[in-house]
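Coordinate analysis (summary)
Chain residues, written in single-letter form:
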Amino acid sequence: ETGVTQTPRHLVMGMTNKKSLKCEQHLGHNAMYWYKQSAKKPLELMFVYNFKEQTENNSVPSRFSPECPNSSHLFLHLHTLQPEDSALYLCASSRLWQVQETQYFGPGTRLLVL
Amino acid sequence: DQQVKQNSPSLSVQEGRISILNCDYTNSMFDYFLWYKKYPAEGPTFLISISSIKDKNEDGRFTVFLNKSAKHLSLHIVPSQPGDSAVYFCAASETGANSKLTFGKGITLSVRP
């Protein structure tokens, strides 16, 4: 039980669709993260929210739009994606945005863009 | 170019024996290192970490060794158990505010009963 949930677990979308990924953490953490894991590639950090403020955008294309309405919820809004965006999208949270603070990951959303 | 490399994609060991998972890094500014374990259909879970002020950290069956001069770290699992079968990710970072984790591609460990 990691305390971090993600929905949906699987998503298939066309390039013209708009969809959203949801992440919720029940750990009372203040930092939340979106990571992307493409096939045969390492996990890549996309965004960091620290106390609900976006503090990191790791050169992510604008077709990915994060939203953090409160410290427990994190969304990733998707629009006009490309097939190469197909990947596993992982959400994580930690008490603080410091590397010594353990990041707890959700199970991920496996996205397929057709 | 990858700053954290796990060059062996997979490892198979017999139950009860030692598993040694290797990781190399190129960024000399990295001073904090972590290992995560991932089972299928689950997110990665933190396993063990080490700061560059140490060369060894032990937690039960898991020990991480750090060789700063070689920019190399390894995770030892002794004795290996079938439940250890998973993907193991090495990650590295510079300590300090706003630091990011840089992950390797992962190693798939299979422990044979």
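Use the structure listed above.
None of the values given here were measured: they were computed from a predicted structure.

Turning to the overall build of chain A, a few remarks are in order. The helix and strand inventory of chain A stands at zero helices and 11 strands. When the helices and strands of chain A are listed from N to C terminus, the series reads β-β-β-β-β-β-β-β-β-β-β. Relative to the globule expectation of 13 Å for 114 residues, the C-alpha radius of gyration of chain A, 13 Å, shows essentially globular dimensions. Taking the principal axes of the C-alpha coordinates as reference, chain A spans close to 35 × 25 × 25 Å. Across the 114 residues in chain A, those meeting the buried criterion constitute 50%. The contacts of chain A with a sequence gap of at least 6 include a subset with a gap of at least 24, amounting to 54%. When the accessible area of chain A is evaluated, it comes to approximately 5,400 Å², of which 49% is carbon and sulfur surface. The centroid of the 11 positive side-chain charges in chain A is displaced by 7 Å from the centroid of its 9 negative side-chain charges.

The pairing of strand S7 (residues 64-70) of chain A with strand S8 (residues 73-79) of chain A spans five bridges and is antiparallel. In the strand pairing of S8(A), Glu67(A) is matched with Phe75(A).

On to the pairing of strand S6 (residues 53-57) of chain A, then. All names here are of chain A. Bridge analysis of strand S5 (residues 44-50) against S6 gives four bridges, and the strand direction is antiparallel. Residue pairing for S6: Phe47 is matched across the bridge by Asn57. As consecutive antiparallel partners, S5 and S6 are separated by two residues, and within that stretch Phe51 has a phi angle of approximately 50°, a positive value.

What follows deals with the packing of aromatic side chains. Applying the stated criterion across every chain, the model contains 10 aromatic pairs over all chains. Considering the side-chain rings of Phe105(A) and Phe103(B), the 6.4 Å spacing of their centres and the 80° angle between planes classify their relative orientation as edge-to-face. Of this pair, Phe105(A) sits in strand S10 (residues 104-105) while Phe103(B) sits in strand S10 (residues 102-103), each in a different chain. In this pair, the class of Phe105(A) matches that of Phe103(B), namely buried. The interplanar angle of 55° and the centroid separation of 5.9 Å between the aromatic rings of Tyr36(B) and Phe103(B) together place this pair among those described as tilted. Taken together, the residues Tyr36(B) in strand S4 (residues 32-38) and Phe103(B) in strand S10 connect sequence positions 67 residues apart. Of the residues examined, Tyr36(B) reaches a relative accessible area of 0% and is grouped as buried.

Another point: the sheet that holds S8(A). Residue and element names in this part refer to chain A. The antiparallel open sheet is built from four strands, whose spatial order is S1-S3-S8-S7. Where the open sheet ends on each side, the last strands, each with one partner, are strand S1 (4-7) and S7. Across the sheet, the mean angle from the axis of one strand to that of its neighbour is 20°, orientation sign disregarded. In this sheet, S8 lies alongside strand S3 (residues 18-25) in antiparallel orientation, the contact comprising seven bridges. Its bridge partner being in S8, Glu24 is matched across the sheet by His73.

A separate point is unusual backbone geometry. In this structure, the amide linkage connecting Thr7(A) to the following residue, Pro8(A), adopts the cis form with an omega of -10°. The omega torsion across Val78(B) and Pro79(B) is -10°, close enough to zero to call that bond cis. Located in the positive-phi region is Thr80(A), a residue other than glycine, with phi close to 50°. Structurally, Thr80(A) is set in the loop between S8 and strand S9 (87-94). Accessibility expressed as a relative area gives 41% for Thr80(A), which makes it partly exposed.

Moving on: the pattern of salt bridges. In total, this model carries four salt bridges over all chains according to the counting rule given. Residues Asp85(A) and Arg63(A) are paired through a salt bridge, measuring 2.7 Å at the closest nitrogen-oxygen approach. Here Asp85(A) is found in the loop between S8 and S9, whereas its partner Arg63(A) is found in the loop between S6 and S7, with 22 residues between them in sequence. For Asp84(B), the salt bridge goes to Arg61(B), with nearest N and O atoms at 2.8 Å. Placement of Asp84(B) in the loop between strand S8 (72-77) and strand S9 (86-93) and of Arg61(B) in the loop between strand S6 (56-59) and strand S7 (62-67) is noted, with a sequence separation of 23 residues between them. The class for Asp84(B) is buried, based on a relative accessible area of 2%.

Thresholds, definitions, all that
Residues numbered from 1 in each chain as written. Chains lettered and ligands numbered in written order. Predicted model: local features only at pLDDT ≥ 70, side-chain atom pairs only at ≥ 80, totals over all residues. Heavy atoms only, no water. Helix = DSSP H or I, 4+ residues; strand = E, 2+ residues; numbered from the N terminus. Rg over C-alpha atoms; globule rule 2.2 N^0.38 Å. Buried < 20%, exposed > 50% of the residue type's maximum accessible area, 1.4 Å probe, protein only. Contact = heavy atoms within 4.5 Å. Areas by Shrake-Rupley, 256 points an atom, 1.4 Å probe, with all protein chains shown as cover. Lys, Arg positive; Asp, Glu negative; His and termini not counted. Charge placed at Lys NZ, Arg CZ, Asp CG, Glu CD. Pairing = 2+ DSSP bridges. Phe/Tyr/Trp six-rings, centres within 6.5 Å; stacked < 30°, edge-to-face > 60°. Axes fitted to C-alpha atoms, helices over the stretch in contact; angles between N-to-C directions. Salt bridge = Lys/Arg side-chain N within 4 Å of Asp/Glu carboxyl O.

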